[in-house]
Amino acid sequence: MKFIKHHMETISGVSIYPIISLIICFTFFVLLFWWVLSYKKKDLNEISNLPLNDDEQNNNFL
């Protein structure tokens, strides 16, 4: 571990990388949360019923 730590300390400006990764991760999850909350109820109900409707469609083909 000392080998890796020594090389990381010798890189100038290495402290910015954890901040950038935190911002990217935070932004991704905020956008994902916003997308989930803004999803239309009608579409969500249709998607949630897809596994149940699959059997009905297969029975119609018989």
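Residues numbered from 1 in each chain as written. Predicted model: local features only at pLDDT ≥ 70, side-chain atom pairs only at ≥ 80, totals over all residues. Heavy atoms only, no water.

Peer 1: What should I look at first to understand the overall build of the protein in this one?
Peer 2: Each helix and strand counted, the protein has four helices and zero strands in total. Each helix and strand of the protein, ordered N terminal to C terminal, gives the series α-α-α-α. When burial is assessed residue by residue, the protein has 2% of its 62 residues classed as buried. Of the accessible surface of the protein, which amounts to about 6400 Å², a share of 69% is contributed by carbon and sulfur atoms. (Helix = DSSP H or I, 4+ residues; strand = E, 2+ residues; numbered from the N terminus. Buried < 20%, exposed > 50% of the residue type's maximum accessible area, 1.4 Å probe, protein only. Areas by Shrake-Rupley, 256 points an atom, 1.4 Å probe, with all protein chains shown as cover.)

Peer 1: So what exactly am I meant to see when it comes to the packing of aromatic side chains here?
Peer 2: Two aromatic rings are characterised by how far apart their centres lie and by the angle between their planes. Within this structure, the stated rule accounts for two aromatic pairs. Judged by centre distance (5.1 Å) and plane angle (75°), the ring pair of phenylalanine 28 and phenylalanine 29 falls under edge-to-face. Classification of phenylalanine 28 as partly exposed rests on a relative accessible area of 48%. An angle of 75° between the planes, with centres 5.1 Å apart, marks the rings of tryptophan 35 and tyrosine 39 as edge-to-face. (Phe/Tyr/Trp six-rings, centres within 6.5 Å; stacked < 30°, edge-to-face > 60°.)

Peer 1: So what exactly am I meant to see when it comes to the confidence of the model for the protein here?
Peer 2: Do not read the fine detail of predicted coordinates wherever pLDDT is low. Looking at the protein, pLDDT values average 81 and 82% of them are 70 or higher. Confidence scores differ between elements of the protein, with helix α4 (residues 50–61) showing the lowest mean pLDDT of 62 and helix α2 (residues 16–37) the highest of 94. (pLDDT = per-residue confidence, 0-100.)

Peer 1: Honestly, a nonpolar patch on the surface in this entry has me stumped. Any pointers?
Peer 2: Together, Phe28, Phe29, Leu31, Leu32, Trp34, Trp35, Val36, Tyr39, Leu44, Ile47 and Leu50 give the surface a local cluster of nonpolar side chains, amounting to about 1100 Å² of exposed area. Those elements giving two or more residues to the nonpolar patch turn out to be α2 and α3 (41–48). Looking at which element gives the most residues to the nonpolar patch, the answer is α2, with seven residues. Within the secondary structure, leucine 44 sits in helix α3. On the basis of relative accessible area, leucine 44 is assigned to the partly exposed category, the value being 43%. (Patch = residues over 30% accessible without salt bridge, like charges linked within 9 Å, V, L, I, M, F, W, Y side chains within 5 Å. Salt bridge = Lys/Arg side-chain N within 4 Å of Asp/Glu carboxyl O.)

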